[in-house]
Amino acid sequence: MEEGLINLPSSESCLLAAETEPVAEKIAVKSALGTLGTQEYHTRFDMLLPENRGGRKVMMGDDPALPKMPAAPGLIDFFKLRFDRSAASHLLQSANLALNSGVSEKGVLACLLHDIAMVGLFGCDHGYWGAQLIAPYVDEEVAFAVRYHQALRYFPDPACGFEYPQAYIDLFGEDYKPEPYIYADYQYAKNHKWYGLARMVTLNDLYAFDPNAKVDLESFTDIIGRHFRQPKEGLGFDNSQVAHMWRSIIWPRNFL
Ligand SMILES: [Fe+2]
Ligand SMILES: [Fe+2]
């Protein structure tokens, strides 16, 4: 494992754990969101049939393919034990850029968390999901910035030095147009008192980030400590409105 960065177990070691565990010890049924649009969506329950199950049990509880989480996990545990190293590196690099630009601590936290849903859940509407995931634990302004970075990224703001990303032209095509709700949310955010923080996230959102860059998660532990209200029961177990979302990251392949 490389030194520095965020001390994640490498994807290689996760792979090794999966390869060395007894063959298909438990059946993990893939989620609807991960398979909709594919043939597998229609067949994903077939392995539960008695003739296909072969006496195996279905995945419930701690997943042997993933590192075990502490009983009361904090935000940093999710970075270290769940989030993919290179994707988490994008968050660390964005936060580092903001820190070096003299952005407020709340702004640095917003950058650190802006794609948390992309890293832990899924990409579609990740700004909205991410804002919801963190809302009980951060200032409202931070959740606002995470939510609206999604819409603001499609709209240039030359006065701030933000242009439409070349990466979007490359990835989505010249003629791609965002959905109407994105336009509506852009209009709303642009006239909001917290526009500046949300726009700042897009300014520090790196498009050509270096997956091997070394930014230490420990650089942000003080800022997390001051601005992320860690519940003593642990994320997922504090009975908040979003506790189930954190639990889904802890046990992503549980059947129920
Ligand atoms: Fe994003
Ligand atoms: Fe991003």
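For clarity, every value in this text was computed on a predicted model and none was experimentally measured.

1. Notes on the overall build of the protein chain
Then comes step 1: The helix and strand tally for the protein chain stands at 15 helices and two strands.
Then comes step 2: The buried share of the protein chain, reckoned over its 256 residues, is 30%.
Then comes step 3: Of the contacts made within the protein chain by residues no fewer than 6 positions apart, 73% connect residues no fewer than 24 positions apart.

2. Comments concerning helix 6 (residues 85-100)
Then comes step 1: With 16 residues, helix 6 should reach 22 Å at 1.5 Å per residue; the first-to-last C-alpha distance of 22 Å fits that figure.
Then comes step 2: Looking one or two places after helix 6, you find Gly102, whose phi comes out positive at around 80°.

3. Topic: helix 10 (residues 140-152)
Then comes step 1: Across its 13 residues, helix 10 extends 18 Å between first and last C-alpha, which sits within 8% of the 18 Å expected from 1.5 Å per residue.
Then comes step 2: The sharpest bend along helix 10 measures roughly 25° and falls at Val146.
Then comes step 3: Most of helix 10 sits out of view: eleven of its 13 residues are buried.
Then comes step 4: By the burial criterion, the buried members of helix 10 are Val142, Ala143, Phe144, Ala145, Val146, Arg147, Tyr148, His149, Gln150, Ala151 and Leu152.
Then comes step 5: Here the buried face of helix 10 lies against helix 7 (105-113), helix 9 (126-134), helix 12 (180-190) and helix 13 (195-203).

4. Here we look at the packing of helix 7 against helix 13
Then comes step 1: The geometry of helix 7 relative to helix 13 is characterised by a closest axis approach of 9 Å and an angle of 50° between their N-to-C directions. Considering their axes alone, helix 7 and helix 13 lie oblique with respect to each other. Helix-helix and strand crossings are classified by hand; for helix 7 and helix 13 the assignment is right-handed. Contact with helix 7, carried on its side by Gly107, Ala110 and Cys111, involves Leu197, Met200 and Val201 of helix 13 and no other residues of that element.
Then comes step 2: Residue composition of the contact of helix 7 with helix 13, by class: five nonpolar, one polar and no charged.

5. What to know about unusual backbone geometry
Peptide bonds are, in most cases, trans, and in most cases residues other than glycine have a negative phi.
Then comes step 1: Positive phi is not limited to glycine here, since Asp125 has a value of about 55°.
Then comes step 2: Looking at the element boundaries, Asp125 is found in the loop between helix 8 (116-120) and helix 9.
Then comes step 3: In this structure Asp125 comes out as partly exposed when scored by C-beta crowding, with 16 C-beta atoms within 10 Å.
Then comes step 4: Phi angles above zero are rare outside glycine, and Asn239 is one such case at about 60°.
Then comes step 5: Take Asn239: it is sitting in the loop between helix 14 (221-227) and helix 15 (243-250).
Then comes step 6: Of the residues examined, Asn239 has 8 C-beta atoms within 10 Å and is grouped as exposed.

6. Concerning the packing of helix 9 against helix 10
Then comes step 1: Two elements in contact, helix 9 and helix 10, have axes separated by 7 Å at closest approach and are oriented at 170°. Between helix 9 and helix 10, the crossing angle belongs to the class labelled roughly antiparallel. Side by side, helix 9 and helix 10 meet where His126, Gly127, Tyr128, Gly130, Ala131 and Ile134 of the first sit next to Ala143, Val146, Arg147, Tyr148, His149 and Gln150 of the second.
Then comes step 2: When its residues are assigned to classes, the contact of helix 9 with helix 10 shows six nonpolar, five polar and one charged.

So, how was this worked out
- Residues numbered from 1 in each chain as written.
- Chains lettered and ligands numbered in written order.
- Predicted model: local features only at pLDDT ≥ 70, side-chain atom pairs only at ≥ 80, totals over all residues.
- Helix = DSSP H or I, 4+ residues; strand = E, 2+ residues; numbered from the N terminus.
- Buried ≥ 20, exposed ≤ 12 C-beta atoms within 10 Å, placed from the backbone.
- Contact = placed C-beta atoms within 7 Å.
- Expected span 1.5 Å × (residues − 1).
- Bend = angle between axes of the 7 residues up to and from the residue.
- Axes fitted to C-alpha atoms, helices over the stretch in contact; angles between N-to-C directions.
- Parallel < 35°, antiparallel > 145°, perpendicular 65-115°, else oblique.
- Left-handed = near helix turned anticlockwise from the far one by under 90°.
- Nonpolar A, V, L, I, M, F, W, Y, C, P; charged D, E, K, R; others polar.

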